[in-house]
Amino acid sequence: MSGGFISRGFRGRRRRTEDDDRVPPGQYLVDGFPVLSAGPTPHTPLAEWSFTIEGEVDGPRTWSWEEFRALPSEEITRDIHCVTKWSKLGTTWEGVSVDTLLEGVNTAAEYVVAFADGGYRTNLPLGEVTGGKAWVAHTYAGEPLSPEHGGPARLLVPHLYFWKSAKWVRGLRLVTEDEPGFWESLGYHNHGDPWREQRYWGD
Amino acid sequence: MAELPRKLAWRVAEVVETSPDTPRTKSLFLEVPDWEGHRAGQHVDVRLTAEDGYQAERSYSIASAPEDGRVELLVERLDDGEVSPYLTDELRAGDGLELRGPIGGWFAWEAREGGPLLLVAGGSGIAPLMAMIRHRRAAGNDVPVRLLFSSRSYEEIIFREELERLAAGDETLEIIHTLTRSAPPGWEGYERRIDEEMLGEVAFSGEERPLAFVCGPTPLVEAVATALVGLGHDPARVKTERFGPTGG
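From a predicted model like this one, the values you see are computed outputs, not experimental measurements. (Residues numbered from 1 in each chain as written. Chains lettered and ligands numbered in written order. Predicted model: local features only at pLDDT ≥ 70, side-chain atom pairs only at ≥ 80, totals over all residues.)

A. Local environment of the domain arrangement of chain B. Residues and elements named next belong to chain B. Domain annotation of chain B identifies domain 1 (11-103) and domain 2 (111-242). A straight line from the C-alpha centre of domain 1 to that of domain 2 covers 24 Å. Across the boundary between the two partners, domain 1 contributes 16 residues, which contact 15 residues of domain 2. Counting only elements with at least two residues in the side of domain 1 that touches domain 2, the list comes to strand 1 (11-22) and strand 5 (71-76). Residue composition of the side of domain 1 that touches domain 2, grouped by class: seven nonpolar, five polar and four charged. (Domains from an automatic or database assignment. Contact = placed C-beta atoms within 7 Å. Helix = DSSP H or I, 4+ residues; strand = E, 2+ residues; numbered from the N terminus. Nonpolar A, V, L, I, M, F, W, Y, C, P; charged D, E, K, R; others polar.)

Written out as structure tokens, the structure reads:
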């Protein structure tokens, strides 16, 4: 146990601001937008891009890029938090609500697996991506989402650590049993709530 | 889940030595109580606590081999940083340092996984790759390794002397430097940022199926990973980790 440990001579460079209560424990604010991913950035041409809802559904539904972009988009302004400790306040996005993508779907599934180009996967309870909490974002700060930040489209689940916001997302698979994804199988927390500092297994 | 979650507890390591590597970097050598060992490439989270309870956390890669008794962290001093100036300027032997880990199972290599190994580093991104090079040596492993290392200047080549020593006695370890800002008189190595042409000249070919680890600032990592895929490397064998003031 290390309760009560003090780092000799450390005072910290505090930014006591009105934004303090927007920064979860162990996080610090950045102005830029760092990039984090485990491998090369995929570059899928829009003509070959599609988005699919599959798994425990009556029948899979798929949108081409044009069809996806014709769906109603919402403007989203949210704080985002990366498990590598940076947080960025007030980021602005446009995207299609997952509620819109799941409209009319009947399912017994309680979980989703978001899958992406490059083989990345992340798992979430269905209840964490519905009810206005998650989007498939195609625009960041008024510009088309760049490949290094997950373009042409990424999942946006801003209330969880940002690895849950799968870059290069290509669909959601609805499942009845939870399936830990890429980072979730490599020691990172299955749920990832930044306000409870759920970074790693057992947190 | 197949494996039971284990709690990564915070513990207080003892700083046994600090040693400057270059004008902007320092190695911290730590004794960590009950350290269960790590895999080369993994990192730890460091937490600083002020007397009034204020805390700051950052992640640092482990530069030492799992076989070393002590855990070495490489710290680059960021002038406008909150944690790194404390670690490089204030912390000294005898102090405690709170940390938890090891963390990260993707950007890691064990000698039994084989190779060849293509390592590409920018600046302090050398840290996890140094752990792999040291681990390979400690394990008596001879998979071919090529390290392409981008530094700003000759003086800023981190671990330069140790890398020279390691390569001098090992035909299967090749080290290629490139300097991006200034080079000493008579420098015969590369003098530019890493690009596809350079990788084409020094990297293993895609057919040799190297396992590639790329670590450094985001622009370097993006450029190298994209170029490797362009040169025919399997994207699934290119592992990346981004370093920098905000990336790690």
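B. Layout of the sheet that holds strand 3 (residues 61-64) of chain A. Residues and elements named next belong to chain A. Taken together, the five strands give an open sheet; going across it, the order is 3-2-11-6-7, and neighbouring strands pair in mixed fashion. Each having just a single partner strand, strand 3 and strand 7 (121-125) make up the two edges of the open sheet. In this sheet, adjacent strand axes meet at a mean angle of 15 degrees when their direction is disregarded. The pairing of strand 2 (residues 50-55) with strand 3 spans four bridges and is classified as antiparallel. Residue Ser50 lies in a different strand from strand 3, and its bridge partner there is Ser64. (Pairing = 2+ DSSP bridges. Axes fitted to C-alpha atoms, helices over the stretch in contact; angles between N-to-C directions.)

C. Structural detail: unusual backbone geometry. Between Gly151 of chain A and Pro152 of chain A the backbone carries a cis peptide bond, its omega angle lying at 15 degrees. Position of Pro152 of chain A among the secondary structure elements: in the loop between strand 9 (143-144) and strand 10 (154-156). In this model, Gly101 of chain B is joined to Pro102 of chain B through a cis peptide bond whose omega is 0 degrees. Examined against the element boundaries, Pro102 of chain B turns out to sit in strand 6 (residues 96-103). Positive phi values are uncommon outside glycine, yet Glu197 of chain A reaches one of about 45 degrees. Tracing the backbone through its elements, the reader meets Glu197 of chain A in the segment after strand 11 (169-175). A tally of 17 C-beta atoms within 10 Å means that Glu197 of chain A is categorised as partly exposed. (Buried ≥ 20, exposed ≤ 12 C-beta atoms within 10 Å, placed from the backbone.)

D. Local environment of the interface of chain A and chain B. Contact with chain A, which involves 35 residues of that partner, is made by 41 residues of chain B. Residue classes in the side of chain A that touches chain B are distributed as 15 nonpolar, 14 polar and six charged.

E. Region of interest: the nonpolar core. Counting residues in each nonpolar core, the largest one holds 111 residues, and the members touching the most others are Ala114 and Val136 of chain A together with Leu119, Leu129 and Val224 of chain B. A domain split of this core shows at least three residues from each of domain 1 (11-103) and domain 2 (111-242) of chain B. Apart from residues lying up to four places away in sequence, Leu129 of chain B is in contact with Leu119, Ala121, Leu147, Phe213 and Cys215 of chain B. (Core = buried A, V, L, I, M, F, W, Y, C linked by C-beta atoms within 7 Å.)

F. Structural context of the sheet that holds strand 8 (residues 145-151) of chain B. Residues and elements named next belong to chain B. Read from one edge to the other, the open sheet built from five strands follows the order 9-8-7-10-11, with strand pairing classed as parallel. Edge strands, defined here as strands with exactly one partner in the open sheet, are strand 9 (173-179) and strand 11 (238-242). Strand-to-strand, the axes of this sheet are offset by a mean angle of 10 degrees, without reference to chain direction. In this structure, strand 7 (residues 117-122) lies alongside strand 8, joined through six bridges in parallel fashion. Within strand 8, the residue paired with Leu119 across the bridge is Leu147.

G. Fine view of helix 2 (residues 126-138) of chain B. Residues and elements named next belong to chain B. Along its 13 residues, helix 2 runs 18 Å from first to last C-alpha, staying within 8% of the 18 Å computed at 1.5 Å per residue. The element helix 2 is extensively covered by neighbouring structure, given that 11 of its 13 residues are classed as buried. What helix 2 keeps buried is the set Ile126, Ala127, Pro128, Leu129, Met130, Ala131, Met132, Ile133, Arg134, His135 and Arg136. Once helix 2 ends, the next one or two residues include Gly140, with phi positive near 65 degrees. (Expected span 1.5 Å × (residues − 1).)

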